[in-house]
Amino acid sequence: MPMLSIERRDLPVQHTLFVRLKPARHELARAIGEGVGKVFMHAQQAAVALSGHPFTRYLTAGPGLLTIEVGFHVSAPAAGAGEVEAGQLPAGPAVVAVHGGSYEQLSETYAAAERWMEENAVRPADAPWEWYVTDPAEHPDPADWRTHVFWPIAARS
């Protein structure tokens, strides 16, 4: 099982720079790479310090296209420009699952997070995001990859 742990956490507001994209599922890896590159270049040109690893937030998942935000945390609010926007990841309670292994198995970790929500009488409150802790260029074996999945939650009513 690729899911290594799951817990509830209270998250602080996290300032971000991101690019919003609409790839088809089969274009997802390319779109994430493209978004990371655009945000990285903007941050270099604007002298903005990026904080941590890249993330992908899944705003919608339709039958054809996904709407995603790809970006980085920044330590303080920073201005976007062009395709790069400034924003925040939401604060508050969230399910946090640590995934070990390839990205192709992330759906198993999402399923475990949904089961955890059912068992703990909470429901999704906002769009989930993935934080890519391990750089595949530095760690080519997918067994070594770590991804954190954050999913904001609310109590069931």
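How each quantity is defined
Residue indices begin from 1 for each chain and proceed along its sequence in written order. Thresholds applied to this predicted model are a pLDDT of at least 70 for local features of residues and 80 or more for the giving and counting of side-chain atom pairs; totals over whole chains, interfaces and linings are not thresholded and use all residues. Excluded from the side-chain calculation are hydrogens and water; included are all heavy atoms of the structure. For Phe, Tyr and Trp, where Trp contributes only its six-membered ring, two rings pair if their centres lie within 6.5 Å, and the inter-plane angle classes them as stacked under 30 degrees, edge-to-face over 60, or tilted in between. The way it works is that DSSP assigns letters per residue, a run of H or I at least four long becomes a helix, a run of E at least two long becomes a strand, and they are numbered from the N terminus. Whether a residue is buried, partly exposed or exposed follows from its accessible area with a 1.4 Å probe, protein chains only, as a fraction of its type maximum: under 20%, in between, or over 50%, in that order. Salt bridge criterion: a side-chain nitrogen from Lys or Arg within 4 Å of a carboxyl oxygen from Asp or Glu. Residue count minus one, scaled by 1.5 Å, sets the expected span of a helix. The criterion used for residue contact is that any of the two residues' heavy atoms lie within 4.5 Å.

With that out of the way, let us pick up the packing of aromatic side chains. What the rule picks out here adds up to five aromatic pairs. Between Trp 129 and Phe 150, the ring centres sit 5.6 Å apart and the planes meet at 15 degrees, which makes this aromatic pair stacked. Placement of the pair is Trp 129 in strand β8 (residues 129–132) and Phe 150 in strand β9 (residues 146–155), with a sequence separation of 21 residues. Classification of Phe 150 by relative accessible area gives buried; the value is 8%.

According to the stated counting rule, one finds nine salt bridges in the structure shown. The salt bridge partner of Arg 9 is Glu 7, with a shortest N-O separation of 2.5 Å. A relative accessible area of 38% means that Glu 7 is categorised as partly exposed. Between Arg 30 and Glu 34 there is a salt bridge, with the nearest N and O atoms lying 2.7 Å from each other. A residue pair is termed a helical-turn pair when its members lie 3 or 4 positions apart in one helix, as Arg 30 and Glu 34 do in helix α1 (residues 28–46) at four residues. For Glu 34, a relative accessible area of 30% translates into the label partly exposed. Connected via shared salt-bridge partners are Arg 20, Arg 57, Glu 69, Glu 85 and Asp 126.

In this section: helix α2 (residues 106–119). Taking 1.5 Å of rise per residue, 14 residues should cover 20 Å, and α2 covers 20 Å from first to last C-alpha, within 8% of that figure. If you follow the buried residues of α2, they end up packed against β1 (3–11), β3 (50–61), β6 (92–100), β7 (122–124), β8 and β9. Looking one or two places after α2, you find Ala 121, whose phi comes out positive at around 55 degrees.

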